[in-house]
Amino acid sequence: MMKVFLRKILVFFIPIAIVWGALEWFYRTVPSNYTYKHKIIKERYNEIETLILGDSHAFFGVNPSYIDTETLNLANISQSLYMDQLLFEKHEDSLPNLQNVIITVGYYSLSKLKNTKGEIWRKYFYQNQMDLEIPIISPWDVKQYSLALTRRLNKSISLVHAYLDEGTIIGCDAKGWGDYYDSTNGQSLDVESWGAAKRHEDFLFDFSENIGRLQAIIDACKKKNCNVYIVDMPVYHGYVSYLNPDKLEKVTNSCKVLENDNENVRYINLRQDYRIEDSDFYDPDHLNHKGAKKYTQIINQLISTSKNDR
Amino acid sequence: MQFNTVDFALFFPIVFTLYWFVFNSSIKIQNVFLLITSYIFYAFWDWRFLSLIFLSSIIDFLVARRLKNSIGIQRKMLFGISVFCNLGVLFVFKYFDFFLETFVDAFLLFGKPISYTSLQLVLPVGISFYTFQTLSYTIDVYRKRIEPTDDVISFFAFVSFFPQLVAGPIERASNLLPQFKRRRIFNIEKSVDGLQLILGGLFKKMVIADNCALIVNNLFENYTEYSGSTLFCGAIFFGFQIYGDFSGYSDIAIGTARLLGFDLMKNFNFPYLSKNLIEFWRRWHISLSSWFRDYVYIPLGGNRVSNIRLIDNILIVFVVSGLWHGANLTFLAWGLIHGIFLILTIFLLKHSRIKAFLQTQKSIFLDLLGIGITFFIVTIAWVFFRAETITEAFQYLQRIFSTSLFSLPQGNKWFLLFLIGYMLIEWLQKRREHLLDIRHIFSKSIRYSIYYAVVFLVLYFGGNLQTFIYFQF
């Protein structure tokens, strides 16, 4: 009786196992932003002078093509300062010509806890596809052995669709810049602002861990005689109006303290820059191609000025 | 370790294989294996709290054995020790801070501030469930309804049995304990039924509850921004979230136990199809409501008392039941609302004309009307269950019952339609054992198509992992 039962179960699970195997094969063989960025940083170790870290604000908003020095954008969507630090520590010794590190900091970057929603599945991709050792992944966590198990099936199917339609799921150019936020997402910035602000609200005010991570990157940069630019990227005014002003002020002050305490740090606050236009945005907190060009040029100029000042 | 995780999907097949193929030589070995497995299962959350389960088990095991041969005051003292220890631990971990804060707030009302330090203890997962389960054993032994067991392994395994350890069903010793002493024989029909329950439970949890949770969290966090109709839908979504979450968990627990050869009691029986509140409480969280019936309501006199005492008894049971769910005034209010409406229902149905009318006039329209009214009351009460504070609950309700209640609700209409479709399936299945009880469908290909469709829905729409709500109780 048990044999019949087990046989039935096995037969039932065969199609499911085939789907799982196919998705696993897809994730293991099809290049993604993670594998691609890992590949290009290794290929360009000796060239890179400026390294960009951060989340989607940096990924879509800072285009290395408009920076005078040899630049690589190593930012990614929902990349936390925790991952930024791990990535930096992994590669810093292999970057002999590194002069600048640009890190974007937004409303929630400093309060973000490790292993929150953003890392639920991404941490496994950092581990498997960027060869990072991630302390928050327990040795007992079985998901690290199967990328197909880390994402929801609907997301995996969408990715497979995208791959079949476009032939790639890499969403960045040869310098790591996220190039698919070309104009706008078609929604009203005012309407979207409230939702985006609510999504980014974590009600946390303890910045100590992330400030510690930033300080660790700054200290490592100091030893390499390298400058750190902490950039608060432009966001739509409607979005800012829904954020907690006390927390925003705390973000600004914390970054200023880092700037004042460290010679090699410059804080560039573009959050509500006077040159912002509505047409610069893809959505309330992300720049589009036009905005990325405009603000990368501004950042580039500030970096050059800052160099001349020192 | 949660049932809806990859960890459990790996853990259980290993347990199943070892249980039936390696440790099957004797019941004793199987029980030892189940005990170790259950402790490992619990340790995945927090191994430190295993000591509480161990303490609760050892106290009740020893007390019950001594109760067997004791009489008079000694018997009462032994019983008191068990109740004091079990409820004491529960009180310290769950209620101490709540009562302290309420006490301090009460003094503050009279202008007398008191300085205090709260314990801020982490609530051990499932403490209310296993405390009630082990307590029922001592009470039954004390009342001489069951004989105390001499088998320490069986008893410890009964208290910590992993399928129902953290969120029930709250089993009675008279049902579950003897099953640890009987030889378990693998039964294919039971096992298929168990798998159906697990699949149906995963559907309820991962497709219904977890997707409702996303909408509900947003609506309850930002209720000032939405119209009355949207917030009313939010309350409905929460009703489905908690139903999917808890009944889904129970189904998986019962199914898992069935695969190991155990029969756990039914915990939910299509509660949203109840035609009145009395029926609702016979179908919702059956293991808890029957616990309160047997160990609180009936000892208070049950319904064979005067009307005033009856009202008192019902209110006491529902206030305690509310507080069982959590140390917060919101749960107390939730219990009170149910208590009050249940009293009204009882007296309404006692009325001779209404009684006669309902007995003679049977129609689907009346059934649907009853279901609708019951669902409405339950939905409104859920607002208190979900809100963080009483004030928030009232403000939420105030916004619901504004003129904007008659506007078109914002967003999520498709999901609402999906839930209506789900209720239709429940309606069709209401005389069956559970949601996926499709043994009556003769065609194998149709049965398998249904299974695969449910698996697809679980995998496709699931994955937005949310902790089971009832773990916090």
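Reading guide: rules and limits
- Residues numbered from 1 in each chain as written.
- Chains lettered and ligands numbered in written order.
- Predicted model: local features only at pLDDT ≥ 70, side-chain atom pairs only at ≥ 80, totals over all residues.
- Helix = DSSP H or I, 4+ residues; strand = E, 2+ residues; numbered from the N terminus.
- Rg over C-alpha atoms; globule rule 2.2 N^0.38 Å.
- Buried ≥ 20, exposed ≤ 12 C-beta atoms within 10 Å, placed from the backbone.
- Contact = placed C-beta atoms within 7 Å.
- Pairing = 2+ DSSP bridges.
- Nonpolar A, V, L, I, M, F, W, Y, C, P; charged D, E, K, R; others polar.
- Axes fitted to C-alpha atoms, helices over the stretch in contact; angles between N-to-C directions.
- Left-handed = near helix turned anticlockwise from the far one by under 90°.
- Core = buried A, V, L, I, M, F, W, Y, C linked by C-beta atoms within 7 Å.
- Parallel < 35°, antiparallel > 145°, perpendicular 65-115°, else oblique.

### Topic: the overall build of chain A
Within chain A, the secondary structure is distributed over 11 helices and seven strands. For chain A, whose C-alpha radius of gyration is 21 Å, the value lies close to the compact-globule estimate of 19 Å for 310 residues. Along the longest, intermediate and shortest principal axes, the C-alpha atoms of chain A span 80 × 45 × 40 Å. Here chain A holds 310 residues, and the buried ones make up 41% of them. A fraction of 76% describes how many contacts in chain A between residues 6 or more apart in sequence connect residues 24 or more apart.

### Considering the pairing of strand E3 (residues 100-104) of chain A
All names here are of chain A. Among the five residues in E3, five count as buried, and that is most of the element. Of the two faces of E3, the one holding Asn100, Ile102 and Thr104 and the one holding Val101 and Ile103 are both buried throughout. Bridge count for strand E1 (residues 50-53) against E3 is four bridges, and the pairing is parallel. For leucine 53, the partnering residue across the bridge sits in E3 and is isoleucine 103. Pairing between E3 and strand E4 (residues 227-232): five bridges, direction parallel.

### Description of the interface of chain A and chain B
Contacts between the two partners involve 12 residues from chain A, matched on the other side by 14 residues from chain B. At the level of elements, helix H1 (2-29) and helix H6 (153-166) of chain A are the ones that each hand at least two residues to the side of chain A that touches chain B. Looking at which element gives the most residues to the side of chain A that touches chain B, the answer is H1(A), with four residues. Here the side of chain A that touches chain B is composed, by residue class, of eight nonpolar, one polar and three charged.

### Regarding unusual backbone geometry
Of note in the backbone geometry, Phe203(A) takes a positive phi value of approximately 60° without being a glycine. With respect to the helices and strands, Phe203(A) occurs in the loop between helix H7 (189-199) and helix H8 (208-223). Even without glycine at this site, Lys144(B) takes up a positive phi of about 60°. Mapped onto the elements of the fold, Lys144(B) is located in the loop between helix H5 (127-142) and helix H6 (152-160).

### A closer look at the packing of helix H2 (residues 33-43) of chain A against helix H5 (residues 119-129) of chain A
All names here are of chain A. H5 packs onto H2 with a crossing angle of 40° between their chain directions and a minimal axis gap of 9 Å. Note that H2 runs across H5; the crossing there is right-handed. Touching Tyr34, Thr35 and His38 of H2 are Phe125, Tyr126 and Gln129, all from H5.

### So, the nonpolar core
Counting 113 residues, the largest nonpolar core has Phe158(B), Cys212(B) and Phe384(B) as the members making the most contacts within it. For this core, the leading source of residues is helix H9 (residues 228-259) of chain B, giving 17 residues. Setting aside chain neighbours within four positions, we find Phe384(B) in contact with Thr330(B), Ala333(B), Trp334(B), Ile337(B) and Ala393(B). Grouped together as the second largest cluster of nonpolar side chains are 67 residues, Phe60(A), Phe125(A), Tyr229(A) and Ile303(A) included.

### Things to note about the sheet that holds strand E2 (residues 71-73) of chain A
Strand pairs in the sheet, formed through backbone hydrogen bonds, run parallel or antiparallel to each other. All names here are of chain A. Here we have five strands laid out as an open sheet, ordered E2-E1-E3-E4-E5, and parallel in their pairing. Looking at the sheet topology across the chains shown, the edges are occupied by E2 and strand E5 (265-269). For this sheet, the mean angle separating the axes of adjacent strands, direction not counted, is 15°. Sitting on the sheet, H8 is in contact with E3, E4 and E5, with an inclination near 145° to E4.

### A look at the packing of helix H11 (residues 286-297) of chain B against helix H12 (residues 307-325) of chain B
Residues and elements named next belong to chain B. Taken N-terminus to C-terminus, the directions of H11 and H12 make an angle of 125°; their axes are 11 Å apart at the nearest point. As judged from the angle between their axes, H11 and H12 are oblique. Of the two elements, H11 crosses H12, and the hand of that crossing is right-handed. From H11, Phe292, Val296 and Tyr297 reach across to H12, where they touch Asn313, Val317, Val320 and Ser321. In the contact of H11 with H12, the residues fall into five nonpolar, two polar and no charged.

Any link to function would need more than the numbers given here.
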